[in-house]
Structure formats: C-alpha cells, structure tokens
Amino acid sequence: MLDIGRDISDSDFILIGLGEEWESCEMTEELQAAYEKLRKQIENRDYFVVTTVMDGWIHKMGFDNKRIVAPCGNWNYMQCKAACCPDIWMKGEGIGEVCPKCGAPLVENTVESKPYVETGYLSQWQIYMSWLQKSLNRKLLLLELGVGFRTPTVIRWPFEKTAYLNLKSRLYRVHEKLFQIPDNLEDRGISVPVNSVEWTLSV
Ligand SMILES: [Zn+2]
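Analysis parameters
Residues numbered from 1 in each chain as written. Predicted model: local features only at pLDDT ≥ 70, side-chain atom pairs only at ≥ 80, totals over all residues. Heavy atoms only, no water. Helix = DSSP H or I, 4+ residues; strand = E, 2+ residues; numbered from the N terminus. Buried < 20%, exposed > 50% of the residue type's maximum accessible area, 1.4 Å probe, protein only. Polar contact = N/O pair within 3.5 Å; in protein donor to acceptor, adjacent residues only side chain to side chain. Contact = heavy atoms within 4.5 Å. Donors = N, O, S within 2.8 Å, 3.2 Å for Na, K, Ca; no water. Tetrahedral: all angles 85-135°; square planar, octahedral: opposite > 155°, others 65-115°.

- As recorded in an unreviewed UniProt entry, the protein goes by NAD-dependent protein deacetylase, SIR2 family and comes from Qiania dongpingensis.

Okay, structure coming up:
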C-alpha cells in the first residue's frame, strides 16, 4: 500500500525534487495549495528541496530558504549575457538593461543563459551536498515530483543513484508521463503515473 504520510513520518531525511510540472509563469490557486500542502507535510522535519523550476515561487511559499537549492536559476534575477562577472541582480532593482561592468545586455539568470552565472545557487549546493552526505545509510525518502528530462543530471539521475546506493531509502517518482523507475531499485522505487501537483493535493 502506498502511504506517503507514513513514509514521511518513518524517514530520518526527506529529499524533495521539484521539476517541470511545477513551473508556472503565474501562481495559480492550485499551485499555491500544492506548495502549502507539501510544506505542511515536511515542516519540522529534516528536509531539503532541490528544484529545477526557474520561476522562483518556492521562495515565497514559507519553506526554509536554507533548505532549498535551485541550480537552474531564477527568472527573477538577471546576469551579464557575457558572464563577465559573478554578479546577479534582482529584476526591478533599477539595474537597467545592460551590465554595469561591461555594457553587455542583461539576461535572465538561468541555465538557459550561456554562459550561465552560477553564483545564485553554488553556496546552497554545497549545503545540499553536505546534507545528502548525512543521509547515507539512514532512512531517506526521495520524493521526486514532476521531474522530466529537461535537466536530468540535476535531480532525476542522481536521485536514482542515491536510491540505488541507500538500501534504507524509498524513491517516489510522480509524473504524468515520465514515471518509469529503473528495475534495479527493486521495492525501493515507487512509480506514480499522475501529475505531481494534482497528486500532492490528493494525498
Ligand atoms: Zn558584463
């Protein structure tokens, strides 16, 4: 029987991966409710969220920002198109349209900007790696929600590897279409073929 509530309470560590199914230009009621539900399920627990979503909404949803890493960047920040400097600027800070250092245009600070200025997430990434290290051989729940193949090296493949190596882990992979689980995870892998935002609201 699937029982996500029990799996959450039975775990020492909860790692949440959020992907494309959560990305949205605007905050809908459904999305907001899903974030709130998720947050309530894990608050006061030892959790970490890694998100490839670039809309930045999660930072306004009451999660502990010290427990979030967004390696693909954030539409709400700008960088120099030429990546001449490690600086990033929040949109609307009167920064203008060109880099104050070199005069190149400013572009959104996401992985889609090449070269990508990684300043915005690297320190959190180190914290994430240390946190993940602590979860070795401990009861780890990996909750992968709506992650497809846009950037599989960030969440999807590392989560599979972590679940494979940690015999006390469970990996939920929830996705409307890309829900397949590798065979080598045996009963640690749980595939849920449902849109992950809807699923979060339903469990
Ligand atoms: Zn520049």
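Back to the text.
1. Quick word on the side chain of histidine 175
Point 1. Relative to the helices and strands, histidine 175 resides in the loop between β8 (169-174) and β9 (189-192).
Point 2. A relative accessible area of 8% places histidine 175 in the buried class.
Point 3. Here the side chain of histidine 175 touches lysine 177 through a polar contact of 3.0 Å, landing on its backbone nitrogen.
Point 4. Residues within four places of histidine 175 in sequence aside, it is in contact with Glu21, Gly146, Val147, Gly148, Val192, Pro193, Val194 and Asn195.

2. Details of the coordination of the zinc ion
Point 1. Coordination of the zinc ion by the protein comes from Cys80 (SG), Cys84 (SG), Cys99 (SG) and Cys102 (SG), over a distance range of 2.3 to 2.4 Å.
Point 2. Geometry at the zinc ion is tetrahedral, judged from the four donor atoms that bind it and their angles of 103 to 116° at the metal.
Point 3. In primary sequence terms, the donor set of the zinc ion follows C-x3-C-x14-C-x2-C. Highlighted residues: cysteine 84 in the loop between β4 (73-80) and β5 (89-90) and cysteine 99 in the loop between β5 and β6 (106-110), separated in sequence by 15 residues.
Point 4. We classify cysteine 84 as partly exposed; its relative accessible area is 40%.
Point 5. Judged by its relative accessible area of 3%, cysteine 99 falls in the buried class.

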